[in-house]
Structure formats: structure tokens, C-alpha cells
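Chain by chain, the residues:
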Amino acid sequence: MPETLKGKIALVTGASRGIGAAIAERFAAEGAWVIVTARSLDSGPAHLEGTLHEVLASIRARGGDGLAIQSDLTDAASRAALMERVEREAGAVDILVNNAAAAFYMPFDKFSAGRLRVASAMNFEAPWDLCQRALPGMLARRRGWILNLTSYAGEMPRGKPPFDAFQQSGGALLYGATKAALNRFTVGLAAEMHAHNIVVNALMPLQMVITPGVRAMGIDSNSPGVNVEPVEAMAEAALALCT
């Protein structure tokens with residue numbers, strides 16, 4: 001087994017399927033002891049495949065190991081319990097990958113207060129909180145890697161008003177706003193942590209990654225106008241940014 005990450009403890013959120021699962025399995029293949037977390041421990045929504053137990057079983061089948069912890073990252077108490085258990089059973093993490101996200105697509109006037117709360121908590125508050133909880137251990141050892149998964153939706157619209165069709169009717173305003181906040185947080189934290197030898201980055205796919213969540217929205221590689229980026233490309237990029 002390769003040893004690029006031998007001896008490292010990695011925590012990957014939203015790892016029951018899709019990009020998070022691919023990153024977790026790739027890190028484990030490089031020798032990391034990987035903690036995977038999400039809401040789907042041994043069962044998940046009927047319309048979405050993948051659970052943490054399945055990901056951990058796949059990791060172990062390839063000679064790796066780790067721990068699966070169920071957590072609701074929109075809840076502060078659940079995030080605190082997650083990090084307390086991680087430190088109790090694994091120790092301080094070397095690598096934190098904030099991949100979990102909540103994406104809702106609809107016009108601005110259709111968003112409820114509940115969706116605003118969930119998207120803000122999952123896409124921005126959770127990475128902020130988990131970074132604060134993981135950093136003391138990294139600072140003590142003067143070593144660490146933080147990777148935040150972001151999106152093109154967080155970029156400022158290009159061109160002039162009224163912008164393109166996606167900006168006009170794609171419904172990504174809330175998702176994009178939370179990812180824009182995550183981008184600003186990532187760059188600011190990278191600046192503060194540079195002197196402490198802690199690397200902070202954001203990773204954004206350049207094309208559509210066909211994950212179970214994307215397929216659940218009725219989008220696949222044959223959909224009109226869809227250019228596909230393989231999930232393995234995201235996993236390789238994550239490995240490069242966390243070594």
C-alpha cells in the first residue's frame with residue numbers, strides 16, 4: 001500500500017457517497033486512518049445510494065481502516081459531539097475535509113427560512129466550527145491540512161446584467177451565497193495559518209460531477225449541455241492539496 005498519508009488522521013464530512021466517499025477512499029488507499037461522517041450511517045434516503053458503513057467496508061476491503069460516525073452537521077451540539085469522539089478515539093486530526101453541503105435550487109422568493117438556516121449551517125457554519133475545533137491540535141504540532149469543497153456557484157457572475165441564463169433562472173442564489181462565504185473564509189484562514197505551517201485550500205470542480213445527489217435531481221452524463229468531470233479527478237486533486 002502507498003504511504004503518502006501513512007500515520008495521518010483524516011476527517012472527511014459528507015462521506016457516505018459521491019465526492020466525499022471518493023476522497024475518503026483515496027486517502028485510505030494512501031495510508032491515512034480515515035474518519036467518515038454524514039447522516040447516513042447504515043441507511044439513507046430512499047432516493048440516494050450510499051452509507052458510511054458501505055464506504056468504511058470498501059476502505060477495509062482495500063486494506064485501509066478508519067471509523068464511521070453519524071453526525072448532523074447543521075446542529076452545533078452534533079458537531080461538538082463528533083469532534084469530541086474523534087479526539088477521544090483517534091486523536092487530533094491532521095487533515096480536515098469539509099465536503100458536506102446542502103444545495104437547494106429555486107427562485108429567491110421560494111426559499112423558506114428553514115432552507116436558509118440549513119444551507120447556512122451546512123455550507124458555512126459547519127466548516128467554520130469544525131476548523132475551530134480541529135485547529136488547536138494542528139497548531140500544537142505546527143502541521144495540518146484543511147480542504148473546503150466549493151462550487152462555481154460561489155463565483156461572482158461574469159459579464160453584465162442581466163447575466164446568463166443560469167444566473168437568471170438556475171436557482172443557485174442561496175447555494176452560491178453560502179459558497180461565496182466559504183471561499184472568503186478559506187482565503188482568510190489560509191492567510192492566518194500560513195505562519196503556523198497549516199495549509200488551507202478550497203477545491204472546486206470545473207465541470208459537473210455525476211454523484212448520487214446529482215442523479216437524484218435528474219441530471220446525468222447524457223443530459224443536454226452537461227460536461228462531466230469524473231469523481232476520481234476530485235479525489236486526486238484533494239490528495240494533492242492535502243499532502
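Residues numbered from 1 in each chain as written. Predicted model: local features only at pLDDT ≥ 70, side-chain atom pairs only at ≥ 80, totals over all residues. Heavy atoms only, no water.

S.K.: Describe the packing of aromatic side chains, naming the residues involved and giving the relevant values.
M.R.: Under the definition given, this model contains four aromatic pairs. Joined through ring pairs, the aromatic side chains of Phe-124, Trp-128 and Phe-185 make up one cluster. Its end group placed over the ring of Phe-104, Arg-115 keeps NZ or CZ at 5.2 Å from the ring centre. (Phe/Tyr/Trp six-rings, centres within 6.5 Å; stacked < 30°, edge-to-face > 60°. Lys NZ or Arg CZ within 6 Å of the ring centre and 35° of its normal.)

S.K.: Outline the side chain of Ser-71, listing residues and values.
M.R.: Mapped onto the elements, Ser-71 comes out in the loop between β3 (65–70) and α3 (76–89). Reaching out from Ser-71, the side chain makes a polar contact with the side chain of Ser-78 at a distance of 3.1 Å. With near-sequence residues (within four places) excluded, Ser-71 lies in contact with Thr-37, Ala-38, Arg-39, Ser-78, Arg-79 and Leu-82. (Helix = DSSP H or I, 4+ residues; strand = E, 2+ residues; numbered from the N terminus. Polar contact = N/O pair within 3.5 Å; in protein donor to acceptor, adjacent residues only side chain to side chain. Contact = heavy atoms within 4.5 Å.)

S.K.: Describe helix α8 (residues 231–241), naming the residues involved and giving the relevant values.
M.R.: Along α8, the residues that are buried comprise Met-234, Ala-235, Ala-238 and Leu-239. Looking straight down α8, one finds its buried side chains confined to an arc of 135 degrees; they lie on one side. Tucked into the core, α8 has its buried residues touching α1 (18–29), β5 (144–149) and β6 (198–203). (Buried < 20%, exposed > 50% of the residue type's maximum accessible area, 1.4 Å probe, protein only. Arc of directions from axis to C-beta.)

S.K.: Account for the nonpolar core, with residues named and values stated.
M.R.: Nonpolar side chains in soluble globular proteins tend to be buried together. Ranked by size, the top nonpolar core spans 32 residues in total, and within it Ile-23, Phe-27, Val-34, Val-36, Ile-95, Val-97 and Leu-149 carry the most contacts. Those elements that place two or more of their residues in this core are β1 (9–13), α1, β2 (33–38), α2 (52–61), β4 (95–98), β5 and α8. When residues in this core are grouped by element, the largest group, seven residues, is from α1. Filtering out sequence-adjacent residues up to four positions away, Ile-95 remains in contact with Leu-5, Lys-8, Ile-9, Ala-10, Leu-11, Phe-27, Met-138, Trp-145 and Cys-242. Counting 27 residues, the second largest nonpolar core, distinct from the first, contains Val-86, Ala-102, Leu-189 and Val-200. (Core = buried A, V, L, I, M, F, W, Y, C linked by side-chain atoms within 4.5 Å.)

S.K.: Any details on the sheet that holds β5? Residues and values, ideally.
M.R.: As summarised here, the arrangement of the six strands in space is β3-β2-β1-β4-β5-β6, forming an open sheet in which the pairing is parallel. The open sheet is flanked by β3 and β6, the only strands paired with a single partner. Strand after strand, the sheet turns through a mean of 15 degrees between neighbouring axes, direction not considered. In this structure, β4 lies alongside β5, joined through four bridges in parallel fashion. If you follow Leu-96 over to β5, its bridge partner there is Ile-146. Sitting on the sheet, helix α4 (residues 113–141) touches β1, β4, β5 and β6, and the angle it makes with β4 is about 175 degrees. Relative to β6, helix α6 (residues 173–193) is tilted by about 160 degrees, and along the sheet it contacts β5 and β6. (Pairing = 2+ DSSP bridges. Axes fitted to C-alpha atoms, helices over the stretch in contact; angles between N-to-C directions.)

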